[in-house]
Amino acid sequence: MSVYEVLEERGFIQQVTHDEEVRELLAKEKITFYIGFDPTADSLHVGHFLGMMVMAHMQRAGHRPICLIGGGTTMVGDPSGKTDMRRMMTREEIDANGERFKKQMQRFLDFAEDRALMLNNADWLLDLNYVEFLREIGVHFSVNRMLTAECYRNRMEKGLTFLEFNYMLMQAYDFLELNRRTGCVMQLGGADQWSNILAGADLIRRKESKPAYGLTFTLLTTSDGRKMGKTEKGALWLDPEKTPPYDFYQYWRNIDDADVANCLALLTFLPMDEVRRLGALAGSEINTAKKTLAYEVTKLIHGEQEADKARQAAEALFGGSDDLDNVPTTVFTPADIVGKRIIDILPATGLVASVGEGRRLIAGGGLYIGDDKVDDQNCVIGEAAVSGGSLMLRKGKKTYHRLVIEK
RNA sequence: GGAGGGGUUCCCGAGUGGCUAAAGGGAGCAGACUGUAAAUCUGCCGGCUAUCGCCUUCGGUGGUUCGAAUCCACCCCCCUCCA
């Protein structure tokens, strides 16, 4: 089975520039391909991870991935899929984010002996000469045609700056540059990148008279079409500092029934037979599939050890095991707690953002100590409560936080 | 540069002098029901507090007024049309 078929079967593929040719190319040759990642935040998120999965599948099949960090393109900002221009970022910010991207990417691909490359388009974009660029690259773009592209069309109402309008040319130029430097012949990207990818492939065909291909993969969406990976605290980050492995695990553990099979196919390497079997489980049986999904994805991103811990914590809290070591915990001294109102220490655990929110939580009957509902907003923690060395707080049905008291 | 229309709480969006911490919807949190799911119904949803108390918020600054998100002046930003 070729990678193309693998990607197809797993539901990655959205659009391809040349279906037959690409199918054959990937089956018969080892190619170099790339995906660009603009470092607009200080961590990758699940959306990026989907791209890394595609790269990993491709690398396993013997193709060579290039992770292109968009140190140059981020200076301009991709308007695709956005209704407003995003904040302009400083060079320092972009570079710092780029470094973090690099670190996180190392774990998903094998970079040894150039089996995968990591490049930064700042290296060729930032020193470009404006007039030369316009004459060499700009001539090949028809404004009329650009304006009909989906990514610009929805911006015609809200407005589009000339800065952003140039993004497509820069990304097209990247592809050309990579083609010249490394023989890269294919660009992959999320479905929103279709126009940018086409522009690059066209540019190469025109300037180099060589074939170039593009392929987009589906965005991670829920069965009802919403973007996946959103949490109460924003995106689902790959950085354990921003999204702790336990929270990450729980996100997938709580996924909609309807999305389980899709996520297993896209975000894990489980064989498709297994994916189909798990996805077909009915009723509460499907929880098995969710556990597998949560464990596998957490393992890929945070490693086996963290995945074990997360699973173990979940088992302790929901499954009845009593090993609470890996449950989210805050450590206090007796002086921090004894005689204090529960409401005043609650924000320090991260369970609520403010005292007021904690108050409302209690008023709504959503806070528990152990299995006892807290009724009194001014409930004070007594000596006796602390004698056991720890307290289990619970917000709602499934958010737990353990207080450990260290003398 | 000219003419017109805008900038409201996380998002969308109502609000044109006191009854406005600000309608409605979405998102989010909690309760019931469940399978750590979905759908549904209910409550909460700026901060601090003893619920009716105080503080901060409606692009910015300065005014008018007993009192302003609402009126005036100037400034900044966005959109549409014209150049």
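Quick look at the structure, then. Along each chain, residues carry numbers from 1 onward, in the same order as the chain's sequence is written. The order in which chains are written sets their letters, starting at A; the order in which ligands are written sets their numbers, starting at 1. Only residues with pLDDT of at least 70 are given local features in this predicted model, and only at 80 or more are side-chain atom pairs given and counted; all residues enter the totals for whole chains, interfaces and linings. Hydrogens and water molecules were not included; the side-chain quantities draw on all heavy atoms of the structure.

**Remarks on the overall build of chain A**
A run of H or I in DSSP becomes a helix once it reaches four residues, and a run of E becomes a strand once it reaches two; helices and strands are each numbered from the N terminus. Secondary structure summary: chain A contains 20 helices and 13 strands in total. Here chain A, with 407 residues, has 49% of them falling under the buried criterion. Residues are treated as being in contact if the distance between any of their heavy atoms lies within 4.5 Å. Sequence separation of at least 24 residues holds for 72% of the intrachain contacts in chain A that already meet a minimum separation of 6. Residue burial considers only the protein chains on display, and all accessible areas are found by Shrake-Rupley using a 1.4 Å probe. For chain A, the accessible area works out to roughly 19300 Å², and carbon and sulfur atoms hold 48% of it. Positive charges come from Lys and Arg, negative ones from Asp and Glu, while His and the chain ends are left out of the count. A charge is said to be at NZ when it belongs to Lys, at CZ for Arg, at CG for Asp and at CD for Glu. Within chain A, the 59 negative side-chain charges are centred at a point lying 2 Å from the centre of the 50 positive side-chain charges. A 1.4 Å probe rolled over the protein chains alone gives each residue an accessible area, and that area as a share of the maximum for its type sets the label: buried under 20%, exposed over 50%, partly exposed in between.

**Regarding the nonpolar core**
Soluble globular proteins tend to pack their nonpolar side chains together in the buried interior. Side-chain atoms within 4.5 Å are what join buried Ala, Val, Leu, Ile, Met, Phe, Trp, Tyr and Cys residues into a set we call a nonpolar core. Ranked by size, the top nonpolar core spans 66 residues in total, and within it Phe 49, Met 52, Met 58, Met 186, Leu 188, Trp 252 and Leu 267 carry the most contacts. A total of 10 residues in this core trace back to one element, the largest contributor, which is helix 16 (residues 286-319). Annotation comment: domain bounds sourced from an automatic or database domain assignment. Composition of this core by domain shows at least three residues from each of domain 1 (3-217) and domain 2 (230-318). When residues no more than four places from it in sequence are discounted, the contact partners of Met 58 are Val 3, Leu 7, Leu 26, Ile 31, Phe 33, His 63, Met 186 and Leu 188. One finds Ile 137, Tyr 167, Tyr 173 and Ala 199 within the second-largest nonpolar core, a separate group that totals 30 residues.

**Topic: the sheet that holds strand 10 (residues 367-369)**
Pairing between strands is defined by DSSP: at least two bridges between the two strands are required. Sheet architecture is open: 5 strands sit in the order 9-13-12-10-11, paired in mixed fashion. Two strands close off the open sheet at either side, each with one partner strand: strand 9 (329-332) and strand 11 (372-373). Both strand 10 and strand 11 contribute to a ladder of 2 bridges, which runs antiparallel. Looking at strand 11, one finds that Ile 369 is bridged to Asp 372.

**What to know about the sheet that holds strand 3 (residues 64-69)**
With mixed pairing, 6 strands are arranged side by side in an open sheet as 1-6-5-2-3-4. The open sheet has two free edges, formed respectively by strand 1 (13-16) and strand 4 (117-120), since each of these has just one partner strand. Taking the axes of each pair of neighbouring strands and ignoring which way they run, one obtains an average angle of 25° across the sheet. Of the pairings in the sheet, the one linking strand 1 to strand 6 (residues 213-217) comprises 3 bridges and is antiparallel in character. The residue of strand 6 that forms the bridge with Ile 13 is Phe 217. A fitted line through C-alpha atoms serves as each axis, taken over the contacting stretch for helices, and the angle formed by two N-to-C directions is quoted from 0 to 180°.

**Observations concerning the packing of aromatic side chains**
In this analysis, rings of Phe, Tyr and Trp, with Trp reduced to its six-membered ring, are considered paired at centre separations within 6.5 Å, and the interplanar angle assigns stacked below 30 degrees, edge-to-face beyond 60, and tilted for intermediate values. Under the defined criterion, the tally for this structure stands at 6 aromatic pairs. Ring centres of Tyr 251 and Trp 252 lie 4.9 Å apart, and the angle between their planes is 80°; on these two criteria the pair is classed as edge-to-face. Both residues of the pair, Tyr 251 and Trp 252, belong to the buried class. When the centroid spacing of 5.5 Å and the interplanar angle of 85° are considered together, the rings of Phe 318 and Tyr 400 count as edge-to-face. A residue pair is termed long-range when its members are at least 10 positions apart, and Phe 318 in helix 16 and Tyr 400 in strand 13 (residues 399-405) qualify at 82 residues. The rule is short: NZ of Lys or CZ of Arg within 6 Å of the ring centre and within 35 degrees of the ring normal puts a charge over the ring. Geometry around Trp 237 places Lys 242 over its ring, the cationic atom sitting 4.5 Å from the centre.

**Side note on the protein's contact with RNA strand B**
The full set close to RNA strand B counts 33 residues, and Gln 250, Asn 254, Asp 257, Arg 360 and Lys 398 are the nearest of them. By convention in this text, a residue qualifies as near a molecule or strand provided that one of its non-hydrogen atoms is within 4 Å of it. A share of 71% of the atoms of RNA strand B within 4 Å of the protein falls on sugar and phosphate groups. Residues adjacent in sequence count toward polar contacts only when both atoms are side-chain atoms; beyond that, a polar contact is any pair of N or O atoms within 3.5 Å, and within protein one must be able to donate a hydrogen and the other to accept it. Between RNA strand B and Val 355, the relevant distance is 3.0 Å, taken from a phosphate oxygen to a main-chain nitrogen or oxygen of the residue. The separation between a base nitrogen of RNA strand B and a polar side-chain atom of Lys 397 is 3.1 Å. Sorting the residues of the surface near RNA strand B by element identifies helix 9 (155-158), helix 13 (245-253), helix 16 and helix 19 (355-363) as the ones contributing at least two each. Partitioning the surface near RNA strand B into residue classes produces 8 nonpolar, 12 polar and 13 charged. In this classification, Asp, Glu, Lys and Arg are treated as charged, Ala, Val, Leu, Ile, Met, Phe, Trp, Tyr, Cys and Pro as nonpolar, and every other residue, Gly included, as polar.

**A short note on helix 4 (residues 91-106)**
Helix span, as expected, comes to 1.5 Å for every residue beyond the first. Between its first and last C-alpha, helix 4 extends 23 Å over 16 residues, near the 22 Å set by a 1.5 Å rise per residue. Among the residues making up helix 4, those that are buried are Ile 94, Asn 97, Gly 98, Phe 101, Gln 104 and Met 105. Buried residues along helix 4 cover an arc of 125° about the axis, so they all sit on one side. Along helix 4, exposed side chains directed more than 90 degrees from the buried face belong to Glu 92 and Lys 103. In the core, the buried residues of helix 4 are packed alongside strand 2 (32-37), helix 3 (46-60), strand 3 and strand 4. To obtain the arc, one takes the directions from the helix axis to the C-beta atoms.

**As for the pairing of strand 13**
Along strand 13, 6 of the 7 residues are buried, which leaves the element largely enclosed by surrounding structure. The pairing of strand 9 with strand 13 spans 4 bridges and is parallel. Pairing of Thr 330 across the sheet is with Leu 403, part of strand 13. In terms of strand pairing, strand 12 (residues 390-395) meets strand 13 through 6 bridges, oriented antiparallel. Bridging across to strand 13, Leu 391 finds its partner in Leu 403.

**With respect to the environment of Leu 367**
Summarising the element assignment, Leu 367 is placed in strand 10. Taking the C-alpha atoms as reference, Leu 367 lies 58 Å from Asn 179; in sequence the two are 188 residues apart. Not counting the four nearest positions on each side in its chain, Leu 367 is found in contact with Ile 342, Leu 346, Leu 361, Ile 362, Asp 372, Lys 373, Val 374 and Arg 394.

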